[in-house]
Amino acid sequence: MNYLVTGAAGFIGSHLCKKLIRDGAHIVALDAFTDFYSRSIKENNIQSLVNHPHFELIPADILEIELNEIMDKVDVVFHFAAQPGVRTSWGTDFSIYTKNNIDATQKLLEAAKTSKLKKFIYASSSSVYGLSPKLPMTETSTLHPYSPYGVTKLAAENLCFLYYKNYGIPCVSLRFFTVYGPGQRPDMAFHKFFKSILLGEEITVFGDGQQTRDFTFIDDIIWANLSSIENGRAGENYNLGGGTRKKLADIIPVLEEICQRKTKIRYVAGQKGDVRHTFAEIQKAKDDLKYTPKIALEEGLRSEWDWIQTINTEKI
Ligand SMILES: NC(=O)c1ccc[n+]([C@@H]2O[C@H](COP(=O)([O-])OP(=O)(O)OC[C@H]3O[C@@H](n4cnc5c(N)ncnc54)[C@H](O)[C@@H]3O)[C@@H](O)[C@H]2O)c1
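Residues numbered from 1 in each chain as written. Predicted model: local features only at pLDDT ≥ 70, side-chain atom pairs only at ≥ 80, totals over all residues.

**Student:** Any details on the sheet that holds strand β5 (residues 119-125)? Residues and values, ideally.
**Tutor:** With parallel pairing, the seven strands of this open sheet are ordered in space as β3-β2-β1-β4-β5-β6-β10. The sheet is open, and its two borders are formed by β3 (55-58) and β10 (237-240), each paired with just one other strand. Pairs of neighbouring strands in the sheet enclose a mean axial angle of 20 degrees, with direction left out of account. Lying over the sheet, helix α5 (residues 148-167) contacts β5, β6 (171-176) and β10, oriented at roughly 155 degrees with respect to β5. (Pairing = 2+ DSSP bridges. Helix = DSSP H or I, 4+ residues; strand = E, 2+ residues; numbered from the N terminus. Axes fitted to C-alpha atoms, helices over the stretch in contact; angles between N-to-C directions. Contact = placed C-beta atoms within 7 Å.)

**Student:** I'd like a description of the packing of helix α8 (residues 248-259) against helix α10 (residues 297-308), backed by residues and values.
**Tutor:** It is the contact of α8 with α10, at a shortest axis distance of 10 Å, that shows an interaxial angle of 55 degrees. Viewed along their axes, α8 and α10 adopt a mutual orientation that is oblique. Classified by chirality, the crossing of α10 by α8 is right-handed. Judged by residue contacts, Val254, Leu255, Ile258 and Cys259 of α8 engage Glu298, Leu301, Arg302 and Trp305 from α10. (Parallel < 35°, antiparallel > 145°, perpendicular 65-115°, else oblique. Left-handed = near helix turned anticlockwise from the far one by under 90°.)

**Student:** Which residues make up the site of the ligand, and what are the values?
**Tutor:** With respect to spatial proximity, 31 residues lie near the ligand, and among them Gly7, Gly10, Phe11, Ala32 and Ala82 are the closest. For the shell around the ligand, the secondary structure elements donating two or more residues are α1 (11-22), α4 (94-112) and β5. Per element, the largest residue contribution to the shell around the ligand is three residues, and it comes from α1. Here the residues of the shell around the ligand are counted per class, giving 17 nonpolar, nine polar and five charged. (Near = placed C-beta within 6 Å. Nonpolar A, V, L, I, M, F, W, Y, C, P; charged D, E, K, R; others polar.)

Following this line, the structure appears as structure tokens:
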């Protein structure tokens, strides 16, 4: 099959591309190499793919290229391109989020209207739930995003739904809960914590450390995305959590154990837009996608630590 992967040079997109290429697929890989984090990290993510005959890289912004021709030659779209990051989505930078997360999604969906896609899979987020009063978060929970980023992810999810309803584009939205593992984005907590430990610097924790997150290992996320091609029901949303909800403060001793080093923690004020808890109810993904997260938190963290030690932290 032929695939379009947007955000292909990013953390999750590059893992998906590597798996698809291993499985013999042809990929049109679209990425604008935005400056949210260093371009060299993204280039590194896809280094092993760029010369592969089945990997066609288009280093361009979705909003600036003609998409119809691309849509006509692919069977499945994985739409992962976005401006990530909750804390940076305030103020004048919000327009970066509306452009990359909402406008770009709308443009892709417009281009998909006349194509014969088997599936259009959208990378949504737990951030659509906001400060959910009810835990675990189910797909039917109230959606009140708590950050401007979350608002844009929900808007794009709604666009996917309405293009499904009006034009029959077989959209499936997958709500990822804090993804981690080798290649994790440099702004994300585990990546920053490991890097601090490696460099002998103190760890900065926002808030009191009692906030919880449902952490999902990258391989489990990729597995669920692939399963969605056949098993995701068009027009539906699915939570993808890792089944390992933990307090941030309780994870630091686990990191120390993995790294075999002690660390100092500095607690600073909580950040605007950060939710207190995330916790995914994943029964729907279990039923439809046959999804069962397989990688336990400690095992996943060990593989992220192994990876962190191989990269040039000076560049990050
Ligand atoms: N990482 C997580 O824990 C997490 C959690 C929930 C949802 N998500 C979603 O998953 C997707 C991938 O996240 P990630 O962590 O890999 O982020 P990432 O920043 O590593 O990857 C996103 C990629 O999209 C590209 N991009 C952004 N705007 C673009 C545009 N207009 N045109 C072309 N390319 C563009 C960027 O250059 C980047 O390489 C995003 O949609 C994100 O919102 C991620």
